[in-house]
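Examining the three-dimensional arrangement
Read off the chains here:
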Amino acid sequence: MKNIADIKEQLESLAEVTNKFDSEAVQLKIVEFVLSTEVGNGKKTASSNSKRKPRKSTVKPKGDSSTNKSSKKSVGLTPTAILNKLVEEGFFKDPKTIGDIVMHCEQNMARKFKSSDFSGKLIQLVRNETLVREKNSDNQYEYQNK
């Protein structure tokens, strides 16, 4: 408490400089720097008595997706597994469009997918000669067992 007058005087002279900056964060950094320099020189200031609270870590442990709202955990079958299952069950006995596949999954499997979820795997099945594809009158590809 003996140095309050000195500290007050230092802060008043420091205020002129720091108030020229619009950013409060910059002002705070300047004050912290000056006060920490004073402590480093052996002079004791008010800030040397206070201890900073450590910041909470923002780094999550691997595999912890509980706080990440954008990550989704896959539940059930993947689009690839569903297509393999449909091939095995004879779903492609008649020609089917990607829209037919999406609708079938939504209505019969209670799973919602986009057509892009299936397109890559369907191309693989065509290249592996598991399915063949031809364009229909609407200029859409239809996939069928070979």
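Now for a look at the structure at hand.

**Brief notes about the pattern of salt bridges**
Evaluation of the coordinates by the stated rule reveals two salt bridges. A salt bridge links Lys-112 to Glu-106; the shortest N-O distance between them is 3.8 Å. Given a relative accessible area of 67%, Lys-112 falls into the exposed group. Residue classification places Glu-106 among the partly exposed positions, given a relative accessible area of 41%. Residue Glu-129 is joined to Lys-146 by a salt bridge in which the shortest nitrogen-to-oxygen separation is 3.5 Å. A residue pair is termed long-range when its members are at least 10 positions apart, and Glu-129 in the loop between α6 (115-127) and β1 (131-135) and Lys-146 in the segment after β2 (141-145) qualify at 17 residues. For the pair formed by Glu-129 and Lys-146, the shared burial category is exposed.

**Brief notes about the packing of aromatic side chains**
Evaluated as defined, the whole model comprises two aromatic pairs. Their ring planes at 85 degrees and their centres at 5.2 Å tell us that Phe-91 and Phe-92 sit as a pair that is edge-to-face. Phe-91 sits in the buried class, given a relative accessible area of 14%. By relative accessible area, Phe-92 is classed as buried at 0%. Sitting over the ring of Phe-91, Lys-96 keeps its end group 4.9 Å from the ring centre. Directly above the ring of Tyr-141 sits Arg-133, whose terminal nitrogen or CZ lies 3.7 Å from the centroid.

**Quick look at unusual backbone geometry**
Located in the positive-phi region is Glu-129, a residue other than glycine, with phi close to 65 degrees. The phi angle at Asn-139 is positive, at roughly 65 degrees, despite the residue not being glycine. Turning to its location among the elements, Asn-139 is positioned in the loop between β1 and β2.

**Considerations on the pairing of β1**
The pairing of β1 with β2 spans five bridges and is classified as antiparallel. Counterpart to Lys-135 in the pairing with β2 is Tyr-141. What sits between β1 and β2 in their antiparallel hairpin is a turn of five residues, with Asn-139 showing a positive phi close to 65 degrees.

**Re helix α4 (residues 79-89)**
Every buried residue belonging to α4 is among Pro-79, Ile-82, Leu-83, Leu-86 and Val-87, and all of these are buried. All buried residues of α4 lie within an arc of 140 degrees about the axis, which places them on one face of the element. Opposite the buried face of α4, by more than 90 degrees, sit the exposed residues Glu-88 and Glu-89. Looking at the buried side of α4, the elements it contacts are α5 (98-108), α6, β1 and β2. Where α4 ends, the next residue or the one after it, Gly-90, has phi of about 85 degrees, a positive value.

**So, the packing of α5 against α6**
Orientation of α5 relative to α6, taken along the N-to-C sense of each, is 120 degrees, at an axis distance of 9 Å. Taken together, the axes of α5 and α6 are oblique relative to one another. Seen from above, α5 lies across α6 with right-handed handedness. In this structure, α5 contributes Ile-98, Ile-101, Val-102 and Cys-105 to the contact, and α6 contributes Ser-115, Phe-118, Ser-119 and Leu-122.

About the cut-offs
- In this convention, every chain numbers its residues from 1, walking through the sequence in written order.
- Per-residue local features of the predicted model are confined to residues with pLDDT of at least 70, and side-chain atom pairs are confined, for both listing and counting, to 80 or more; whole-chain, interface and lining totals are unaffected and use all residues.
- Excluding hydrogens and water, the side-chain figures rest on all heavy atoms present in the structure.
- Should a side-chain nitrogen of Lys or Arg be within 4 Å of a carboxyl oxygen of Asp or Glu, the pair is scored as a salt bridge.
- Burial classes: relative accessible area under 20% of the type maximum marks a residue as buried, over 50% as exposed, and values in between as partly exposed (1.4 Å probe, protein chains only).
- Strands are runs of DSSP state E lasting at least two residues, helices are runs of H or I lasting at least four, and both sets are numbered from the N terminus onward.
- A pair of Phe, Tyr and Trp rings is counted when the ring centres sit within 6.5 Å of each other, with Trp represented by its six-membered ring. The angle between the planes then sorts it: under 30 degrees is stacked, over 60 is edge-to-face, the rest tilted.
- Note on geometry: a ring has a charge over it if NZ (lysine) or CZ (arginine) is within 6 Å of the ring centre and within 35 degrees of the ring normal.
- The pairing criterion is simple: DSSP has to find at least two bridges between the two strands.
- In this context, the arc is that of the directions from the helix axis out to the C-beta atoms.
- Residues are treated as being in contact if the distance between any of their heavy atoms lies within 4.5 Å.
- Each axis is a line fitted through C-alpha atoms, and for a helix only the stretch in contact is used; angles between axes span 0 to 180 degrees, taken between their N-to-C directions.
- An angle below 35 degrees is treated as roughly parallel, one above 145 as roughly antiparallel, one from 65 to 115 as roughly perpendicular, and anything else as oblique.
- Crossing handedness is read from the near helix: turned anticlockwise from the far helix by less than a right angle, it gives a left-handed crossing, and turned clockwise, a right-handed one.

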